[in-house]
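Residue-level listing of the chains:
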Amino acid sequence: MSAPTSNRQGTGVFSPTRAQISARTLRTDRWWQSPLIVDLGFAAFVIYATVRAFLQNNYYVPAYHYLTPFYSPCVSKGCVPEASHFWPQFLPDVWWLPYAALSLPFLLLFRLTCYYYRGAYYRSVWQSPTACAVAEPHATYTGETRLPLIIQNTHRYFFYIAGIISVINTYDAIIAFHSDKTASGFGFGLGNIILLVNVIMLWVYTLSCHSCRHVTGGRLKHFSKHPVRYWIWTQVSRLNTRHKLYAWITLGTLMLTDFYIMLVASGTISDLRFVG
Ligand code: FES
């Protein structure tokens, strides 16, 4: 890895032995458009998620048991007791520690080490390369062979942890079928549909992970000897072809879910109820 530099003479396509073309690229299309859109998308999510994670309010709707995924599991002493379910409240209630500080760092690392996101931010943020056949602003390149980028090889461990967090999100979505107004305690509203769609998409994104494809069957040599794992690998591979799409959809569903629960919890809007 090297810092961007303006001293690009004599390296890459500007080497003395290459055809002498002084332009950075001869492409005439808008090759900068895609990295720009990716940068704007990442910035929007990072800003929204950071602000919401630290706000420490409007994250839970007691009447319907709606809990935003940005506060799950709620393990801070500052959480309202019902929002914690069976989780112990052991984190100190201080402004600089998000209530879900147990899960958020791992989810961040899961996405940061994701193969798709790496491809995206290596291009759009680190400009390595900004686009195919566009000369880099870097004079040297070491790829992922050194610290810190060699740590990207730990992605599978974050995949395992993300699987556990998806189970927690699934639990949250199930117990949200609640209403204080019915005798049985069962209730169903628009918030349930939003929570459910979000958790299904989180599962689809998590299971379409390249590490998931590897551990389920990708590292096998003889598929004929492992029919079950071959079948699982086939299904994961089908999901994996759209991993990029799921990465973006889940950023959107996470923000939408949190935003809706924030509006209901703050009393800005009321939940559209079908039962209870
Ligand atoms: S490769 Fe994207 S989540 Fe694993």
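Data block above holds the structure.
As the structure is a prediction and not an experimental result, all values here were calculated from the model.

1. Details of the overall build of the protein chain
- What the protein chain contains, in helices and strands, is nine helices and four strands.
- Along the chain direction, N to C, the helices and strands of the protein chain fall in the order α-β-β-α-α-α-α-β-α-α-α-α-β.
- For the protein chain, the C-alpha atoms occupy an extent of roughly 80 × 50 × 35 Å along the three principal directions.
- Residue burial in the protein chain is summarised as follows: out of 276 residues, 42% are buried.
- The long-range fraction of contacts in the protein chain, counting pairs at least 24 apart against all pairs at least 6 apart in sequence, stands at 67%.
- Of the roughly 15200 Å² of accessible surface on the protein chain, a fraction of 69% belongs to carbon and sulfur atoms.
- The protein chain carries 22 positive and 10 negative side-chain charges, and their two centres are separated by 16 Å.

2. Regarding the pattern of salt bridges
- Summed over all chains, the structure comprises four salt bridges.
- Close ionic contact of Arg 27 with Asp 29 constitutes a salt bridge, the shortest N to O distance being 2.7 Å.
- The salt bridge partner of Arg 273 is Asp 271, with a shortest N-O separation of 2.7 Å. Of the two residues, Arg 273 and Asp 271, neither departs from the other in class, the shared state being buried.

3. Some thoughts on the state of the cysteines
- Applying the stated criterion to the full structure yields one disulfide.
- Paired through a disulfide, Cys 74 and Cys 79 show a sulfur-sulfur distance of 2.2 Å. Between Cys 74 and Cys 79, the S-S dihedral sits near -90°, and the bridge is therefore left-handed.
- Cys 212 forms no disulfide, and the closest cysteine sulfur to it belongs to Cys 209, at a distance of 6.3 Å.

4. Here we look at empty space enclosed by the protein
- Using the criterion set out here, one finds one cavity of 30 Å³ or more in the structure.
- The space that makes up the largest cavity amounts to roughly 60 Å³.
- Considering the residues around the largest cavity, the lining is formed by Leu 67, Pro 69, Asn 169, Asp 172, Ala 173, Leu 195, Asn 198, Val 199 and Leu 202.
- When contributions to the lining of the largest cavity are tallied by element, the ones reaching two or more residues are helix H5 (155-175) and helix H6 (190-207).
- Sort the elements by how many residues they give to the lining of the largest cavity and H6 lands first, with four residues.
- For the lining of the largest cavity, the residue count by class is six nonpolar, two polar and one charged.

5. With respect to the side chain of Ser 124
- With respect to the helices, strands and loops of the structure, Ser 124 is situated in helix H4 (residues 115-124).
- Side chain to side chain, Ser 124 and Asp 39 meet in a polar contact 3.3 Å long.
- The residues contacting Ser 124, other than those within four sequence positions of it, are Pro 35, Val 38, Asp 39 and Phe 42.

Criteria and thresholds
- Residues numbered from 1 in each chain as written.
- Predicted model: local features only at pLDDT ≥ 70, side-chain atom pairs only at ≥ 80, totals over all residues.
- Heavy atoms only, no water.
- Helix = DSSP H or I, 4+ residues; strand = E, 2+ residues; numbered from the N terminus.
- Buried < 20%, exposed > 50% of the residue type's maximum accessible area, 1.4 Å probe, protein only.
- Contact = heavy atoms within 4.5 Å.
- Areas by Shrake-Rupley, 256 points an atom, 1.4 Å probe, with all protein chains shown as cover.
- Lys, Arg positive; Asp, Glu negative; His and termini not counted.
- Charge placed at Lys NZ, Arg CZ, Asp CG, Glu CD.
- Salt bridge = Lys/Arg side-chain N within 4 Å of Asp/Glu carboxyl O.
- Disulfide = S-S within 2.5 Å.
- 1 Å grid on protein atoms, 1.4 Å probe; cavity = no way out; pocket = protein on both sides within 12 Å on 5 of 7 lines; lining within 4 Å.
- Points joined across faces, edges and corners; volume = space filled by probe spheres on them.
- Nonpolar A, V, L, I, M, F, W, Y, C, P; charged D, E, K, R; others polar.
- Polar contact = N/O pair within 3.5 Å; in protein donor to acceptor, adjacent residues only side chain to side chain.

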